[in-house]
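# Topology and contacts: notes
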Amino acid sequence: MTDDFTITHEAFKQFERDKFSLVAQEYDRAIAVVTSQVDEAILDAVGAKSGIQLLDVACGTGWLSAAALKRQAIVTGLDFAENMVAIARVRCPQGSFYQGDAENLTFESGQFEAVVCSLGILHFPNPEKAIAESFRVLKPGGRYAFTCWTPPTRNPFMALILGSVQTYGSMDVNLPSGPPLFRFSDRTECEMVLSAEGFTQVSVTELPIKWTFSTPEDVMPKIIVSSVRLGSILAMQSDEQRRNIENVIIEGASKYVTENGVEIPASVMLTLAYKA
């Protein structure tokens, strides 16, 4: 008999898999451009260089994989969403890309010298299992690095979007229950979870990032069509709530207008650990 825990996890996985495939093209044009700002820092952390066997978990549309291939790494990528994988294969013909589950990797133990995961950890219903799987497929001496968004208190972009919803709308919408968005932005939590799965020398660094938009009016529509959880939360508000939320987002984004468009600051936590 399947327990409620498993049912909840599988419902969230199905939701994410379907939605990310649906928004893959818009995600590639909008969010992946933003998150690629920290790709070099992730690759530096794991010592990505010529000949290194690197696994990109939750590879999305392949931006981080492409950066690793420029360093002449031997790149394997994996993502849950079929259309994400399809775009990654076009972007990175030299890499090997598979549709699969981060919590149940199909690779051999000790196959890779580095495992990276750019903003994927917050999408895994059972992140401990995904971390354990990354540990398993690493060679001894291998490095594991992942990023996670910082919470609204340290992240003006998240403060603007989530604060607008909390004030003028509702976070309680009909979505499958998912993992906490900001769990792994906490240093102590990262150290505790990774150490429990066997990793050593856990270190955490905060990195700045900027969300860019053409105009303040572009912010909410672009998030709705290019993201999954945030976009769904925004899209599922009532008409009145959406109007109020959008007005507040436009007003807030207007404070970040530059000669290059709208640049809203944000940040991610980069966690690095070693397999002894």
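Residues numbered from 1 in each chain as written. Predicted model: local features only at pLDDT ≥ 70, side-chain atom pairs only at ≥ 80, totals over all residues. Heavy atoms only, no water.

### Here we look at the confidence of the model for the protein chain
Keep in mind that low pLDDT regions are not for reading the predicted coordinates in detail. Averaged over all residues, the pLDDT of the protein chain equals 96, while 97% of them reach at least 70. Mean pLDDT across the elements of the protein chain bottoms out in helix α1 (residues 4–22) (86) and peaks in strand β1 (residues 53–57) (99). (pLDDT = per-residue confidence, 0-100. Helix = DSSP H or I, 4+ residues; strand = E, 2+ residues; numbered from the N terminus.)

### Quick word on the state of the cysteines
Under the definition given, this model contains zero disulfides. Cysteine Cys59 remains unbridged, with the sulfur of Cys92 as its closest cysteine sulfur at 8.2 Å. Cys148 carries a free sulfur, and the closest cysteine sulfur to it, the one in Cys190, is 7.3 Å from it. (Disulfide = S-S within 2.5 Å.)

### Observations regarding the packing of helix α10 (residues 219–226) against helix α12 (residues 239–254)
Across the interface, α10 lies against α12 with an axial gap of 9 Å and an inter-helix angle of 115°. Of the residues in α12, those touching α10 at Val219, Met220, Pro221 and Ile224 are Arg242, Ile245, Glu246, Ile249 and Ala253. (Axes fitted to C-alpha atoms, helices over the stretch in contact; angles between N-to-C directions. Contact = heavy atoms within 4.5 Å.)

### Description of the environment of Pro140
Along the chain, Pro140 falls in strand β5 (residues 138–149). For Pro140, a relative accessible area of 66% corresponds to the exposed category. It is 34 Å that separates the C-alpha atoms of Pro140 and Thr8, two residues lying 132 residues apart in sequence. Setting aside chain neighbours within four positions, we find Pro140 in contact with Lys275 and Ala276. (Buried < 20%, exposed > 50% of the residue type's maximum accessible area, 1.4 Å probe, protein only.)

### With respect to the nonpolar core
In this structure, Leu54, Trp149, Phe157, Trp211, Val219, Leu234 and Ile264 are the most contacted members of the largest nonpolar core, which totals 66 residues. Those residues in contact with Val219, other than ones at most four positions away along the chain, are Phe157, Ile161, Phe213, Ile249, Ala253 and Ile264. Counting residues in hydrophobic clusters, the runner-up holds 27 residues, among them Leu105, Phe124, Val202 and Ala273. (Core = buried A, V, L, I, M, F, W, Y, C linked by side-chain atoms within 4.5 Å.)

### What to know about the packing of aromatic side chains
Under the definition given, this model contains twelve aromatic pairs. Judged by centre distance (5.9 Å) and plane angle (70°), the ring pair of Tyr98 and Phe107 falls under edge-to-face. Here Phe146 and Phe184 contribute two aromatic rings whose centre-to-centre distance is 5.7 Å and whose plane-to-plane angle is 90°, an arrangement assigned as edge-to-face. Of the two residues, Phe146 sits in strand β5 while Phe184 sits in the loop between α8 (156–168) and α9 (187–196), which places them 38 residues apart along the sequence. Pairwise contacts between aromatic rings join Phe135, Tyr144, Phe146, Phe184 and Phe199 into one cluster. It is Arg17 that lies over the ring of Phe80; its NZ or CZ is 4.3 Å from the centre. For the cation-ring pair, Lys275 lies above Phe135, with the distance from its terminal atom to the ring centre recorded as 4.7 Å. (Phe/Tyr/Trp six-rings, centres within 6.5 Å; stacked < 30°, edge-to-face > 60°. Lys NZ or Arg CZ within 6 Å of the ring centre and 35° of its normal.)

### A short note on the side chain of Arg229
Relative to the helices and strands, Arg229 is located in helix α11 (residues 229–235). An unpaired buried charge is present at Arg229: no salt bridge exists, and Glu16, the closest side chain of opposite charge, is 4.3 Å distant. Polar contacts involving the side chain of Arg229 include one to the main-chain carbonyl oxygen of Leu122, which spans 2.8 Å. Setting aside its immediate chain neighbours within four residues, Arg229 contacts Phe12, Phe15, Glu16, Leu122, Leu175, Gly178, Pro179 and Leu181. (Lys, Arg positive; Asp, Glu negative; His and termini not counted. Salt bridge = Lys/Arg side-chain N within 4 Å of Asp/Glu carboxyl O. Polar contact = N/O pair within 3.5 Å; in protein donor to acceptor, adjacent residues only side chain to side chain.)

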